[in-house]
Amino acid sequence: MALAEVICNPMSVWICSAYKLGGWPLSFYTYSAFGSVTAILWTFIIYETPDEDPCISSKEVEYLKGFDTEDGEKNKKISVPWLSMLKSSAVWAVVIAYTSNVFSFTFLITEAPIFISEVLGFNLKTIGWLMSILGIAECLFGLLSGVCADLFIRREILTILQARKLFTILSMGLSAFLLICIGFFRDNAIVCPIMLILAFGLLGCFNTCFIANVLDITKHYSSVIVGIMSCLGGSTGFIGTSLFAALLKIKNTHDQWYLMFKIIAGIQLFGLLIFLLFAKAEEQFHSIEENISKQEMKSYNSINDASAEVVDTEE
C-alpha cells in the first residue's frame, strides 16, 4: 500500500494537470482500469493449493506442505469463542490501538494535502511529490522497525511484549508529539512538512506493534480479530472526515488545523495508553483441538500414574 502511495500521488497530479486528456476525471478511469486488470490477473494466476500452481517447484510444494493442517482438520468447523474474545482486554488493546492508528492515518492521507495547500501555500505538483515522500517514509520506517524488533527479540534484548510496546510508543507516541509540535511552527514551509513526513512515517511501524500482537495472543482466531479491527478501523474513514469537515467549515485557519492535529494526537495517545496497559503476548484462546489434546494427555498421564501405583503395590 505504501508503494502505491509513492507511485500514485505524483502520477495523479500529472493526470489531473493533463487538461487536454480530460483532467481529473481521467484519474478515476486510470485507476479503475488498473483495478480491473489486477482482478483479471488475480483470477488466472492464483490457485487453490500449491499442487495446482505450475509456477511452484516440487521442492517448494513439499516445503509448504510441512505447514499444512492434518488430514481432514481443515474441513472441521471451528467454534469461535466470541464471548471470551469480547471480554478479553488483550483483544480490545489491539483493536483500540489499531482504530486509533487508522484514524490518524486517514486524516494524514485525506486532509494533509489540503493543509499543505491552503496553509503552507504549496502548489499541486509539489503536494503530489510531498505525499509521495510520505509513502517512502512509511515504507522505510515499517521495514526498519520490523528488522529491529526481530533483532531485539532474537537476541533476547527485549521480550516479545516489550518489543511490541516499545515500537507502539515510537509509532503512536512520537508521531502524536510531532503533530502537536506543528502548531508551534505555524506556517513554516520547511519544518511543518518535515514533521508531517516523520509523523506519517512513524505510523508505518504499526505492523511491528499491534498487528503482529494479534498473532501473539492467538494463532487460531487471528483472522476473526483482524476482521473486528478492520470493521472498527474502517468506520474512522467517514467519522473522521465528517469531524474535520465540520471543524473547517467554521473557519479554515491555522488555529483550526492545529486543533485537528491536537485531536488526532489525543486519539493516538489514548490508543497508545490502552495498548500499554492491557496488551499481552501470551496465547489467549486455544483451539478446541488443543484443548482436547491436553485433556487426552492429562487422562493418559493419570492412567500411567494409576498403572504405576498398581505395579508398586503388587511388588
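What you see is a predicted model; the values in this text were computed from it and never measured.

Another aspect to go through is the packing of helix H5 (residues 89-110) against helix H10 (residues 210-217). The interhelical angle for the contact between H5 and H10, taken along N-to-C directions, is 165°, at an axis separation of 9 Å. Accordingly, the angle class assigned to the pair H5 and H10 is roughly antiparallel. With respect to the hand of their crossing, H5 and H10 are arranged in left-handed fashion. The residues of H10 that touch H5, namely those facing Ala 90, Val 91, Val 94, Ala 97, Tyr 98 and Asn 101, are Phe 210, Ile 211, Asn 213, Val 214 and Ile 217. A per-class count over the contact of H5 with H10 returns nine nonpolar, two polar and no charged.

For the rest of this paragraph, the subject is a nonpolar patch on the surface. Nonpolar side chains collect at one region of the surface, where Val 37, Ile 40, Leu 41, Trp 42, Phe 44, Ile 45 and Ile 46 lie side by side and expose about 760 Å² of accessible area between them. On the secondary structure map, Trp 42 appears in helix H2 (residues 25-45). Note on Trp 42: relative accessible area 58%, which makes it exposed.

Per-residue confidence for the protein chain averages 80 on the pLDDT scale, and 83% of its residues sit at or above 70. Segment residues 288-301 is flagged for pLDDT under 50; beyond a separation of four residues in sequence, or across chains, it makes seven contacts in the model.

This part covers the environment of Val 95. As for its placement among the helices and strands, Val 95 is situated in helix H5. Spatially, the C-alpha atoms of Val 95 and Ile 225 are 7.8 Å apart, while their sequence positions differ by 130 residues. For Val 95, the contacting residues outside a window of four places in its chain are Ile 228, Met 229 and Leu 232.

The next point concerns the environment of Leu 276. Here Leu 276 shows up in helix H12 (residues 254-278). For Leu 276, a relative accessible area of 27% puts it in the partly exposed group. Separated by 112 residues in sequence, Leu 276 and Arg 164 have C-alpha atoms that sit 9.2 Å apart. Beyond its immediate stretch of four places on either side in the chain, Leu 276 contacts Lys 165 and Ile 169.

Moving on, we come to the packing of aromatic side chains. Aromatic ring pairs are reported here in terms of the distance separating the ring centres and the angle at which the planes meet. On inspection of all chains with the given rule, the structure shows nine aromatic pairs. Summarising the aromatic geometry, the rings of Phe 107 and Phe 261 are spaced 5.4 Å apart at their centres and angled 85° between planes, so their arrangement reads as edge-to-face. Here Phe 107 is found in helix H5, whereas its partner Phe 261 is found in helix H12, with 154 residues between them in sequence. You can call Phe 107 buried: its relative accessible area is 0%. Classification of Phe 261 as buried rests on a relative accessible area of 2%. The structure contains a cluster of three or more aromatic residues connected by ring pairs, namely Phe 107, Phe 115, Trp 257 and Phe 261.

Reading guide: rules and limits
Residues numbered from 1 in each chain as written. Predicted model: local features only at pLDDT ≥ 70, side-chain atom pairs only at ≥ 80, totals over all residues. Heavy atoms only, no water. Axes fitted to C-alpha atoms, helices over the stretch in contact; angles between N-to-C directions. Helix = DSSP H or I, 4+ residues; strand = E, 2+ residues; numbered from the N terminus. Parallel < 35°, antiparallel > 145°, perpendicular 65-115°, else oblique. Left-handed = near helix turned anticlockwise from the far one by under 90°. Contact = heavy atoms within 4.5 Å. Nonpolar A, V, L, I, M, F, W, Y, C, P; charged D, E, K, R; others polar. Patch = residues over 30% accessible without salt bridge, like charges linked within 9 Å, V, L, I, M, F, W, Y side chains within 5 Å. Areas by Shrake-Rupley, 256 points an atom, 1.4 Å probe, with all protein chains shown as cover. Salt bridge = Lys/Arg side-chain N within 4 Å of Asp/Glu carboxyl O. Buried < 20%, exposed > 50% of the residue type's maximum accessible area, 1.4 Å probe, protein only. pLDDT = per-residue confidence, 0-100. Phe/Tyr/Trp six-rings, centres within 6.5 Å; stacked < 30°, edge-to-face > 60°.

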